Amino acid sequence: MSIPDKVRSVERLFFKLEQETAQFASSSGLGCASGCGKCCSYPNVEASPIEFLPWAFQLFLRGEAEKTLHQLAKTKGSTCFIYKPLSVIDQGRCGDYQYRGLICRLFGFAAHTDKYGNLRLATCKIIKEGQADKYNSVTEAIQKGLYVPVFTEYYMQLNQIDFTLGNLILPINEALKMALEAVLQYYAYRPSLHLGEKCG
């Protein structure tokens, strides 16, 4: 499968997830505080390279992939490279919100399966404590069958798009780097796309 085909597949999966998380947010009443970004500033976030393939591809189309890869190589911290803590952007303060990864889309609006097979909502302390009544009622509703997206199901679907890039779980900046390298390597011996060309 070509890089553009993989990007389209990841974007289709993300579109489906957007619908599911919007439905869950509506039915649960839970939501992030506007402009919070606390989870984005956590230094040990891990992700798979494939979830940032659309981000890397767009940077390539804009002619910014190599420059960004060099910047990533110089980055010393472990906080997500895309996260812009001083930004005025209101959506989690992400520097490229449209192309955020799967982990960013799932956290707060999806569940893990615990060792007993029960679904546990994966969310932050701010939501658990600040929206405690809603959180407790949603936790109970999930046990009674309220639909919630599940982490493992979505990561399994990413694996089906590209097993190598989907099966690796790395520190987020390493995942970003590998996504950029995959795109640049793919086009190293192929005719370059016209800048501004869209995938799909």
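Residues numbered from 1 in each chain as written. Predicted model: local features only at pLDDT ≥ 70, side-chain atom pairs only at ≥ 80, totals over all residues. Heavy atoms only, no water.

A. The overall build of the protein, seen in detail. Helix and strand counts for the protein come out as nine helices and four strands. From first element to last, N terminus to C terminus, the protein shows the α and β order α-β-α-α-α-β-β-α-α-α-α-β-α. Counting every position in the protein, which comprises 200 residues, the buried fraction comes to 42%. Taking contacts inside the protein between residues at least 6 apart in sequence as the whole, the part at least 24 apart equals 78%. (Helix = DSSP H or I, 4+ residues; strand = E, 2+ residues; numbered from the N terminus. Buried < 20%, exposed > 50% of the residue type's maximum accessible area, 1.4 Å probe, protein only. Contact = heavy atoms within 4.5 Å.)

B. Layout of helix α1 (residues 3–28). With 26 residues, α1 should reach 38 Å at 1.5 Å per residue; the first-to-last C-alpha distance of 36 Å fits that figure. Once α1 ends, the next one or two residues include Gly29, with phi positive near 80°. (Expected span 1.5 Å × (residues − 1).)

C. Quick peek at the packing of α1 against helix α7 (residues 151–161). In the contact formed by α1 and α7, the axes pass within 10 Å of each other and the chain directions differ by 165°. Our classification of the angle between α1 and α7 gives roughly antiparallel. Judged by the twist between their axes, the crossing of α1 over α7 is right-handed. Packed against α1, whose contacting residues are Lys6, Ser9, Val10, Leu13, Lys16, Leu17 and Glu20, the element α7 presents Tyr154, Gln157, Leu158 and Ile161 at the interface. Its residues assigned to classes, the contact of α1 with α7 comprises six nonpolar, two polar and three charged. (Axes fitted to C-alpha atoms, helices over the stretch in contact; angles between N-to-C directions. Parallel < 35°, antiparallel > 145°, perpendicular 65-115°, else oblique. Left-handed = near helix turned anticlockwise from the far one by under 90°. Nonpolar A, V, L, I, M, F, W, Y, C, P; charged D, E, K, R; others polar.)

D. View of the pattern of salt bridges. Applying the stated criterion across every chain, the model contains nine salt bridges. The partner of Glu18 in a salt bridge is Arg105, and the shortest N-O contact between them spans 3.0 Å. Taken together, the positions of Glu18 in helix α1 and Arg105 in helix α4 (residues 102–106) put the pair 87 residues apart, joining distant regions of the chain. Taking the relative accessible area as the measure of exposure, Arg105 reaches 8% and is therefore buried. A salt bridge links Asp96 to Arg62; the nearest nitrogen and oxygen atoms lie 3.6 Å apart. (Salt bridge = Lys/Arg side-chain N within 4 Å of Asp/Glu carboxyl O.)

E. Highlighting the side chain of Asn159. In this structure, Asn159 sits in helix α7. Of the polar contacts made by the side chain of Asn159, one reaches the backbone nitrogen of Asn167; its length is 3.2 Å. For Asn159, the residues in contact, after removing those within four places along its chain, are Gly166 and Asn167. (Polar contact = N/O pair within 3.5 Å; in protein donor to acceptor, adjacent residues only side chain to side chain.)

F. Layout of the packing of aromatic side chains. One pass over the structure, following the stated rule, counts four aromatic pairs. Relative to Trp55, the ring of Phe52 has its centre 6.5 Å away and its plane inclined at 85°; by these criteria the two rings are edge-to-face. The class for Trp55 is buried, based on a relative accessible area of 3%. Between Phe57 and Tyr187, the ring centres sit 6.4 Å apart and the planes meet at 40°, which makes this aromatic pair tilted. Pair noted here: Phe57 is in helix α2 (residues 53–61) and Tyr187 is in helix α9 (residues 172–187), with a separation of 130 residues, a long-range link. In this structure Phe57 comes out as buried when scored by relative accessible area, which is 2%. Residue classification places Tyr187 among the buried residues on the basis of a relative accessible area of 7%. Sitting over the ring of Tyr97, Arg100 keeps its end group 3.9 Å from the ring centre. (Phe/Tyr/Trp six-rings, centres within 6.5 Å; stacked < 30°, edge-to-face > 60°. Lys NZ or Arg CZ within 6 Å of the ring centre and 35° of its normal.)

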